[in-house]
Amino acid sequence: MTVRILRAAGRTAAPWKNGGGVTREIAAAPDGAGMDTFAWRVSLADVGADGPFSVFPGVTRVLTVADGAGMELTPGGVPLRADERFVPHRFAGDVATHGRLLDGPVVNFNVMYREALTEALTSVVRGRLTVGVPPDATVLAVVLDGTAVLEDSGAALGRFDAAVVTGESPGVLRADGRTALVTLRSRPRTGPGSS
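Residues numbered from 1 in each chain as written. Predicted model: local features only at pLDDT ≥ 70, side-chain atom pairs only at ≥ 80, totals over all residues. Heavy atoms only, no water.

**Focus on the overall build of the protein chain**
Next, step 1: Broken down by element type, the protein chain carries 0 helices and 17 strands.
Next, step 2: The C-alpha atoms of the protein chain give a radius of gyration of 17 Å, which matches the 16 Å a tight globule of 195 residues would have.
Next, step 3: Put simply, the protein chain has 195 residues, and 45% of those count as buried.
Next, step 4: If you take every contact in the protein chain between residues at least 6 apart in sequence, the share linking residues at least 24 apart comes to 69%.
Next, step 5: Total accessible area on the protein chain is roughly 9300 Å²; 51% of this is exposed by carbon and sulfur atoms. (Helix = DSSP H or I, 4+ residues; strand = E, 2+ residues; numbered from the N terminus. Rg over C-alpha atoms; globule rule 2.2 N^0.38 Å. Buried < 20%, exposed > 50% of the residue type's maximum accessible area, 1.4 Å probe, protein only. Contact = heavy atoms within 4.5 Å. Areas by Shrake-Rupley, 256 points an atom, 1.4 Å probe, with all protein chains shown as cover.)

Written as structure tokens, this is what we have:
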């Protein structure tokens, strides 16, 4: 088992791919991957104005409002209302999407992944639970509200801190607010030369 703690205070802000906002990357794979080469990427985005989202060919997005009143999105022209905090919303990242703020700025927790390369599951939990880590998977625990503790290791996480877990289960997570759990696993390669 490997547990890596990523503190929110150590993240740098970067402009969105389309320049319309600011993002802070939490983790991505493979290490050092850019916006066009990641298999998966998890980040927080500050959104202060209405406008278009960046388009990512071949990418699925999961957006969870972590702070603020939420947004109305139009992925591919289809209305999607994200007006409740801590509820994940899945949509295609390769279609034109416009975001409209419902009542002031928001902070969004974003999971982006290429379905051809990665299986991903995002949930938001509260309370005390054992964190399961499937074989060959990476699990991210990101505190969206309040604090959390990995009881077996004693690792304490503040708001927007993250734990990246591979290998065996890190044991019990105790979250006094809401914590996002993202399970990411590489898809088996198919085609010539694969077994």
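**Looking at the sheet that holds strand 8 (residues 80-82)**
Next, step 1: Across the sheet, which stays open at both edges, the 4 strands sit in the order 5-10-7-8 with antiparallel pairing between neighbours. Whereas interior strands pair on both sides, the edge strands pair on one side only; in this sheet they are strand 5 (51-52) and strand 8.
Next, step 2: Pairing analysis gives 2 bridges linking strand 5 to strand 10 (residues 98-101), with the strands arranged antiparallel. Across the sheet, the residue bridging to G51 is G99, located in strand 10. (Pairing = 2+ DSSP bridges.)

**Some details on unusual backbone geometry**
Next, step 1: In this chain, A29 is followed by P30 through a cis amide linkage whose omega measures -5 degrees.
Next, step 2: Topologically, P30 is positioned in the loop between strand 3 (22-29) and strand 4 (40-47).
Next, step 3: Unusually for a residue other than glycine, F86 sits at a positive phi of about 70 degrees.
Next, step 4: Positionally, F86 belongs in the loop between strand 8 and strand 9 (89-92).
Next, step 5: Even without glycine at this site, D136 takes up a positive phi of about 60 degrees.
Next, step 6: Secondary-structure assignment places D136 in the loop between strand 12 (118-131) and strand 13 (137-143).
Next, step 7: The exposed category is assigned to D136, whose relative accessible area is 76%.

**Quick look at the pattern of salt bridges**
Next, step 1: One pass over the full model with this rule turns up 11 salt bridges.
Next, step 2: Measuring nitrogen to oxygen at the nearest pair gives 2.8 Å for the salt bridge that ties R7 to D161. On the criterion of sequence distance, the pair formed by R7 in the loop between strand 1 (2-6) and strand 2 (14-15) and D161 in the loop between strand 15 (155-157) and strand 16 (162-166) is long-range, its members being 154 residues apart.
Next, step 3: With a relative accessible area of 40%, R7 lands in the partly exposed category.
Next, step 4: D161 gets classed as buried once you look at its relative accessible area, which sits at 8%.
Next, step 5: Between E151 and R128 there is a salt bridge, with the nearest N and O atoms lying 2.9 Å from each other. Residue E151 is located in the loop between strand 14 (148-150) and strand 15, and its partner R128 is located in strand 12; the two are separated by 23 residues in the primary sequence.
Next, step 6: The class for R128 is exposed, based on a relative accessible area of 59%. (Salt bridge = Lys/Arg side-chain N within 4 Å of Asp/Glu carboxyl O.)

**A few points about the side chain of S43**
Next, step 1: The residue S43 is located in strand 4 in this model.
Next, step 2: For S43, a relative accessible area of 1% translates into the label buried.
Next, step 3: Here R41 takes part through its side chain, which lies 3.2 Å from a polar atom of the side chain of S43.
Next, step 4: In this structure S43 touches T23, R24, E25, I26, N108, F109 and N110, once residues within four positions along its chain are discounted. (Polar contact = N/O pair within 3.5 Å; in protein donor to acceptor, adjacent residues only side chain to side chain.)

Functional significance is not addressed by these values, which are geometric in nature.
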